[in-house]
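Coordinates in review
Residues per chain, in single letters:
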Amino acid sequence: MPHTPRPRTRRVTSAMLASAVSVCLIAASAPAPAVPLGIGDRLFPHLGNPGYDVASYDLAFTYPGANNKPLTAVTTINAQAKGRLDRINLDFAHGIVRSVDVNGEPASFTGAGEDLVVTPEAPVSRGTPMRITVRHTSDPVSAKGQDSGWVRTEDGLVMANQADAAHLVFPCNDHPSDKAIFTIHVTAPDGYTAVANGRPAGADREGRATTWTYRTEHPMATELAQVSIGRSSVLHRTGPRGLPVRDVVPTKDRKRLEPWLAKTPGQIAWMERRVGPYPFETYGLLVAQAQTGFELETQTLSLFERELFTRSTNPKWYVESIMVHELSHQWFGDSVSPRTWSDLWLNEGHATWYEALYAEETAHRPMEPRMKEAYEASDSWRATGGPPAAPKGPEPGQKISIFRPNVYDGAALALYALRQEIGRPVFERLERAWVALHQDGTASTADFEQLASALSGRDLSRFFKAWLYGEKTPPMPGHPDWKSGQATK
Ligand SMILES: [Zn+2]
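Residues numbered from 1 in each chain as written. Predicted model: local features only at pLDDT ≥ 70, side-chain atom pairs only at ≥ 80, totals over all residues.

Helix and strand content of the chain: 11 helices and 20 strands. A compact globule built from 489 residues would reach a C-alpha radius of gyration of about 23 Å, and the chain, at 23 Å, matches this within 12%. Overall, the C-alpha framework of the chain stretches about 65 × 60 × 40 Å when taken along its three principal axes. Across the 489 residues that make up the chain, the buried fraction comes to 50%. Considering only residue pairs separated by 6 or more positions, the chain has 68% of its internal contacts joining residues 24 or more positions apart. (Helix = DSSP H or I, 4+ residues; strand = E, 2+ residues; numbered from the N terminus. Rg over C-alpha atoms; globule rule 2.2 N^0.38 Å. Buried ≥ 20, exposed ≤ 12 C-beta atoms within 10 Å, placed from the backbone. Contact = placed C-beta atoms within 7 Å.)

Here it is as structure tokens:
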């Protein structure tokens with residue numbers, strides 16, 4: 001996600017946990033009450049759930065032909081229990097659940113906080129495969145003050161689940177540390193086109209509706225799921241090494257957008273020369289008629305606000321660098337996803353880095369003045385948002401407020417300092433090695449530090465401690481004259 005996220009508000013729900021725990025102490029023999037669980041993410045403690053690993057999601061949505069009415073949906077989750085489970089907590093908070101089955105047997109369920117708590121007929125033992133089927137609705141209209149994963153467009157719907165809104169669309173283990181394969185089916189009335197992450201796997205017409213199916217070849221985090229339903233055209237072209245490139249645009253805008261879309265294959269080739277092969281089976285832009293205030297790197301199909309391309313005041317180099325920002329996230333953030341949300345700087349710092357590098361190499365916008373400017377603002381960014389790898393939590397009711405300058409140019413500045421410190425050749429090897437080593441996985445800040453130390457043959461722990469965790473910006477290697485704290489941005 002780059003730049004000025006749309007300010008969103010979100011209802012804060014909690015306080016259930018404390019009261020539930022005290023009930024347990026009094027009546028230990030009674031069945032424990034259902035409580036919301038999380039995996040203890042520092043920034044989003046209730047996100048994700050312990051006790052199981054999801055292998056795959058099968059999502060089936062039926063669009064009613066209007067974007068202000070709930071979709072009917074069936075979500076099937078294949079997972080494996082990591083220990084004995086009396087209850088299975090899923091994240092789900094914005095739809096009506098009609099039924100839940102576990103391995104074909106009806107299960108009871110209840111809501112607790114933002115969790116859907118499922119109690120199977122019999123406890124699930126460790127290592128057992130679980131197939132959880134939830135029949136539910138998925139409401140594209142946000143509850144008052146709540147983020148929505150669905151974004152309503154002029155002609156339908158798209159998704160923007162980052163960081164924590166996938167569970168407002170479908171039941172899931174909503175944390176990027178649990179990636180899974182996705183199969184997505186969308187049934188929509190004639191006149192609409194549905195597209196989702198991955199490659200098409202069939203379209204069946206029945207009556208006056210079509211069911212489109214898409215499947216990802218690579219594991220994906222829930223926050224990166226994408227479903228587009230609209231009056232859209234799907235445009236095809238070929239990228240480097242025969243990569244299928246597929247864009248989804250409002251049909252009426254296809255001619256106008258074509259000059260921008262035609263740039264993608266060259267941008268992919270540019271990224272491949274820097275970091276290695278594109279990590280997925282396809283890529284393309286999804287151009288949405290909506291006021292989002294952001295772009296989003298949904299896997300294999302990045303979401304763009306139509307206005308980025310149509311606003312005449314946006315310079316060409318700027319638009320192109322934002323395209324490259326989202327493209328580079330396919331390596332940094334999607335293929336290699338953050339272990340926790342505090343590792344967000346690994347996503348945004350790298351995407352900002354390649355955004356700036358592309359502008360330097362193709363549009364005569366040198367990196368050094370941009371970094372000097374970032375250096376001047378860095379102390380104030382750290383004061384506001386925390387150091388890059390220990391960002392402050394979201395503002396109350398504004399969970400995407402973790403997307404602050406400290407993890408964008410503030411983190412790109414740390415990468416610049418690293419390149420200054422270890423030299424360009426080692427830095428470039430590190431970038432390639434990072435995306436190759438952790439392809440399709442999740443990785444942490446500590447993993448990045450270790451790899452950088454290994455490749456440079458030096459212990460960089462003090463360097464990283466200062467640059468990633470320091471309250472103040474350390475001196476810039478090679479630029480002792482740079483000063484921070486004098487400008488605010
Ligand atoms: Zn981004």
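Glancing now at the pairing of strand β18 (residues 302-305). Residues of β18 alternate between two faces, with Ser302 and Phe304 on one and Leu303 and Glu305 on the opposite face, all of them buried. In terms of strand pairing, strand β17 (residues 285-288) meets β18 through four bridges, oriented parallel. Within β18, the position partnered with Val287 by the bridge is Phe304. (Pairing = 2+ DSSP bridges.)

Their axes nearest at 9 Å, the elements helix α7 (residues 367-385) and helix α8 (residues 409-422) cross at an angle of 120 degrees. In this view, α7 runs oblique relative to α8, as classed from their interaxial angle. Once α7 is placed against α8, the crossing between them reads as left-handed. The segment α7 lies against α8, with Met371, Ala374, Tyr375, Ser378 and Trp381 engaging Asp409, Gly410, Ala412, Leu413 and Tyr416. In terms of residue class, the contact of α7 with α8 is made up of seven nonpolar, two polar and one charged. (Axes fitted to C-alpha atoms, helices over the stretch in contact; angles between N-to-C directions. Parallel < 35°, antiparallel > 145°, perpendicular 65-115°, else oblique. Left-handed = near helix turned anticlockwise from the far one by under 90°. Nonpolar A, V, L, I, M, F, W, Y, C, P; charged D, E, K, R; others polar.)

Here α7 is 19 residues long, yet its end C-alpha atoms lie only 23 Å apart, well below the 27 Å a rise of 1.5 Å per residue gives. At Ala377, α7 is bent by approximately 45 degrees, the largest bend along its length. Of the positions making up α7, those classed as buried are Met371, Ala374, Tyr375, Ala377, Ser378, Asp379, Trp381, Arg382 and Gly385. If you follow the buried residues of α7, they end up packed against α8. One or two positions beyond α7, positive phi appears at Gly386, with a value near 90 degrees. (Expected span 1.5 Å × (residues − 1). Bend = angle between axes of the 7 residues up to and from the residue.)

Between α8 and helix α9 (residues 424-437), the shortest axis-to-axis distance is 6 Å and the interhelical angle comes to 125 degrees. When the interaxial angle is binned, α8 and α9 end up oblique. Note on element contacts: α9 touches α8 through Arg424, Val426 and Phe427, opposite Leu418, Arg419 and Ile422. Of the residues that constitute the contact of α8 with α9, the class distribution is four nonpolar, no polar and two charged.

In this model, the chain carries a mean pLDDT of 92, and residues with pLDDT of at least 70 account for 92%. Segment residues 3-29: pLDDT under 50, and 40 contacts once partners within four positions in sequence are set aside and those in other chains are kept. (pLDDT = per-residue confidence, 0-100.)

Time to look at the sheet that holds strand β3 (residues 88-91). Strand order in the open sheet formed by 10 strands is β3-β6-β5-β4-β7-β2-β1-β10-β13-β12, with mixed pairing between adjacent strands. Two strands bound the open sheet, and with one partner strand each, they are β3 and β12 (199-206). In this sheet, adjacent strand axes meet at a mean angle of 20 degrees when their direction is disregarded. Sheet analysis places strand β1 (residues 52-62) next to strand β2 (residues 71-81), joined by 10 bridges and oriented antiparallel.

Note that Glu307 resides in helix α4 (residues 306-310). Of the residues examined, Glu307 has 15 C-beta atoms within 10 Å and is grouped as partly exposed. Put simply, Glu307 and Gln291 are 16 residues apart on the chain and 8.0 Å apart in space, counted from C-alpha to C-alpha.

With that settled, consider the pairing of strand β7 (residues 129-138). By the alternation rule, side chains of β7 split into Met130, Ile132, Val134, His136 and Ser138, which are all buried, and Pro129, Arg131, Thr133, Arg135 and Thr137, of which none is buried. As defined by bridge partners, β2 adjoins β7 across 10 bridges and the pair is classed as antiparallel. Looking at the pairing, Val74 lines up with Arg135 of β7. For strand β4 (residues 97-102) and β7, the ladder comprises five bridges, and the chain directions are antiparallel. Residue pairing for β7: Val100 is matched across the bridge by Val134.

Looking at where Val141 falls in the secondary structure, it is placed in the loop between β7 and β8 (150-152). Judged by the 14 C-beta atoms lying within 10 Å of it, Val141 falls in the partly exposed class. Considering only alpha carbons, one finds Val141 and Pro70, 71 residues apart in sequence, at a separation of 7.8 Å.

Here we take up helix α11 (residues 461-469). Restricting attention to buried positions, one finds in α11 the residues Phe463, Phe464 and Trp467. Angular distribution of buried residues about the axis of α11 spans 90 degrees; they occupy a single face of the element. Looking at the buried residues of α11, the elements they touch are α8 and α10 (445-456). (Arc of directions from axis to C-beta.)

If a residue is not glycine, its phi is most likely negative; likewise, a peptide bond is most likely trans. The omega torsion of the bond from Gln162 to Ala163 falls at 5 degrees, within 30 degrees of zero and hence cis. Position of Ala163 relative to the elements: it lies in the loop between β9 (157-159) and β10 (181-189). Of note in the backbone geometry, Asn103 takes a positive phi value of approximately 50 degrees without being a glycine. In this structure, Asn103 sits in the loop between β4 and β5 (105-112). One non-glycine residue, Arg241, lies in positive phi territory at about 55 degrees.

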